[in-house]
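Commentary on secondary and tertiary structure
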Amino acid sequence: MGRHQRAETSGLISFILCLMVAAVSMTVFMDNASAIWLVTRRVFIVGSGVVALCGVLSFIVGYSRRSKSLTLGQGWWVPIRRIVEIIALSVVYAATIFLSIYALLSIMNDMMGVRIFSGYIPWVCGIFAGVAGYITFVQADLMDAKTIASLLPLFVMAGVSTAGLTTDDPYWWHNNFSQLGDRTTFAARMFNSTLILAGICIVIISYFAISELRATHRMRLAWSRAHRPAPQIDDAPQASGEVAHFSMRTVLLTALLICSGIAFIGIGSFRYSPHPILHNVFARGLPGIMCILLIGLPWLAPQLSRAMYVISDLGIVLCAVAGFVWLEGANTLTNVEALAGLIFLGWFIVFSRQIAAIEADRVQAQMVYIQSSSESPHRDDPLMVESRLAADQ
């Protein structure tokens, strides 16, 4: 069997194991838990946690089983970095699975009713855990930036939707999004937790994106030093050689991406009522960071396609038009904030997919070069060294 077929087969095994573990765990919990823990929301929290745990464990096994960088053959830094990556990605998957499963359980409970649905909870959680185990194992074995980025809007929409459906204030949307989290209720905690986790995920995904830009730049330098034609990447200026002020551009891009993630964390951490100044600093600072990032993208990341720059500018124009309509009194601030949030998340997905495309081109070029040099490899060739190092990792 090839790599993809082995991944699918292992994913099916993970499906069966996760299903059995989650179903048995939830059955034992519901048979032995005290009455206070059998409240609907607490049962959903436990069930979502069990499913998330199964999915994360499946992901860790799938992600680490093929890695060759968890040994000390390349020094201490490489395995430490790989462990940090596994932990970071586990946080992303745990948050995504937990919020998504909680939203699904809430919807199913509303459709069937508490009396009927309570008897199905162990097996429903088991099925969800099996699906989560299958998906995470296959994705971990074939991990790329596209997969990571696609998780972000999924759990953000799940968390915000769950908060909006369970809030005790049906008119929260008449004011702004912050009102949904400006309480001490479960819905408010869910909304604020979603924003905090979204910020953490943005920081984590940004790390992988910046790492790939650095790796691609290093490979292009290696191509230039080896006096070989650089691989052609559409719409990417300076396909070979060094990008001017690359370190400065990378540092600024990293700072802006991290600041956007920190802004999400700050909005969720500081509610408006007890912390109005801090909340407004993060809430009003996010649009400014977003404008600088999208407008300055051609200079910050010249490796991306021109279509990406056009889409970025279009997003700024749409947000400006929505803000102008709101100032005229024909729209609500909630709609403006929702549009800006969706545009940023959509842009972030497209940005990550652009990075993944660059990664795919780089890996393909490395593998072709390694194969063409297998008969008479040049060990001192900088491109050969970089290619073999990347292939091992």
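Residues numbered from 1 in each chain as written. Predicted model: local features only at pLDDT ≥ 70, side-chain atom pairs only at ≥ 80, totals over all residues. Heavy atoms only, no water.

**Side note on the overall build of the chain**
Helices and strands together make up the secondary structure of the chain, namely 14 helices and 0 strands. N-terminal to C-terminal, the α/β element order of the chain is α-α-α-α-α-α-α-α-α-α-α-α-α-α. Looking at the chain as a whole, 45% of its 393 residues are labelled buried. Pairs at least 24 residues apart make up 72% of the contacts formed inside the chain by residues separated by at least 6 positions. (Helix = DSSP H or I, 4+ residues; strand = E, 2+ residues; numbered from the N terminus. Buried < 20%, exposed > 50% of the residue type's maximum accessible area, 1.4 Å probe, protein only. Contact = heavy atoms within 4.5 Å.)

**Describing helix 10 (residues 276-295)**
A rise of 1.5 Å per residue sets the reference length of helix 10, with its 20 residues, at 28 Å; its end C-alpha atoms lie 29 Å apart and thus fit the reference within 8%. Gly285 marks where helix 10 bends most, by close to 25 degrees; the proline Pro287 follows one to four residues later. (Expected span 1.5 Å × (residues − 1). Bend = angle between axes of the 7 residues up to and from the residue.)

**Here we look at the packing of aromatic side chains**
Counted by the stated rule, this structure contains 11 aromatic pairs. Arranged with centres 6.1 Å apart and planes meeting at 85 degrees, the rings of Phe44 and Tyr102 form a pair that is edge-to-face. With Phe44 in helix 2 (residues 40-64) and Tyr102 in helix 3 (residues 77-112), the pair connects residues that are 58 residues apart, well separated along the chain. Each member of the pair, Phe44 together with Tyr102, is buried. Among the aromatic side chains, those forming a connected cluster through ring pairs are Phe264, Phe344, Trp347, Phe348 and Phe351. The residue whose ring lies beneath Arg42 is Trp37, and the NZ or CZ to ring-centre distance is 5.0 Å. (Phe/Tyr/Trp six-rings, centres within 6.5 Å; stacked < 30°, edge-to-face > 60°. Lys NZ or Arg CZ within 6 Å of the ring centre and 35° of its normal.)

**So, the confidence of the model for the chain**
Of the residues in the chain, 81% reach a pLDDT of 70 or more, and the chain-wide mean stands at 80. For the stretch residues 233-240, pLDDT sits under 50, and the model shows 18 contacts to residues farther than four places along the chain or on other chains. Every residue in residues 387-393 scores below 50 in pLDDT, and together they form 19 contacts with partners more than four places removed in sequence or on other chains. (pLDDT = per-residue confidence, 0-100.)

**Overview of the nonpolar core**
Ranked by size, the top nonpolar core spans 63 residues in total, and within it Leu253, Leu293, Leu304, Trp347 and Phe351 carry the most contacts. Membership of the second largest hydrophobic core comes to 11 residues, among which are Leu89, Val92, Tyr93 and Ala140. (Core = buried A, V, L, I, M, F, W, Y, C linked by side-chain atoms within 4.5 Å.)

**Section: the pattern of salt bridges**
A side chain with one charge may pair with a side chain of the opposite charge, provided their charged atoms come close. Counting across every chain of the model gives 1 salt bridge. Residue Asp182 is joined to Arg271 by a salt bridge in which the shortest nitrogen-to-oxygen separation is 3.9 Å. Of the two residues, Asp182 is situated in the loop between helix 7 (178-181) and helix 8 (186-225) and Arg271 in the loop between helix 9 (246-269) and helix 10; the sequence distance between them amounts to 89 residues. (Salt bridge = Lys/Arg side-chain N within 4 Å of Asp/Glu carboxyl O.)

**Some details on a nonpolar patch on the surface**
A cluster of nonpolar residues, Ile107, Met111, Met112, Ile116, Tyr120 and Leu165, forms a patch on the protein surface that exposes about 660 Å² of accessible area. With 3 residues, the top contributor of residues to the nonpolar patch is helix 3. Of note, Leu165 is situated in helix 6 (residues 145-166). (Patch = residues over 30% accessible without salt bridge, like charges linked within 9 Å, V, L, I, M, F, W, Y side chains within 5 Å. Areas by Shrake-Rupley, 256 points an atom, 1.4 Å probe, with all protein chains shown as cover.)

**Looking at the state of the cysteines**
Under the criterion given, the structure shown has 0 disulfides. Left without a disulfide partner, Cys54 is nearest to the cysteine sulfur of Cys18, which lies 4.8 Å away. For Cys54, a relative accessible area of 9% gives the class buried. Of the cysteine sulfurs around Cys125, a residue in no disulfide, the closest is that of Cys54, at 9.8 Å. (Disulfide = S-S within 2.5 Å.)

**Things to note about the packing of helix 9 against helix 10**
The geometry of helix 9 relative to helix 10 is characterised by a closest axis approach of 9 Å and an angle of 150 degrees between their N-to-C directions. One way to sum up the angle between helix 9 and helix 10 is to call them roughly antiparallel. As for the relative orientation of helix 9 and helix 10, their crossing is left-handed in sense. Contact with helix 9, carried on its side by Leu253, Leu256, Leu257, Cys259, Ser260, Ile262, Ala263, Phe264, Gly266 and Ile267, involves His279, Phe282, Ala283, Leu286, Ile289, Ile292 and Leu293 of helix 10 and no other residues of that element. Of the residues assigned to the contact of helix 9 with helix 10, the class counts are 14 nonpolar, 3 polar and no charged. (Axes fitted to C-alpha atoms, helices over the stretch in contact; angles between N-to-C directions. Parallel < 35°, antiparallel > 145°, perpendicular 65-115°, else oblique. Left-handed = near helix turned anticlockwise from the far one by under 90°. Nonpolar A, V, L, I, M, F, W, Y, C, P; charged D, E, K, R; others polar.)

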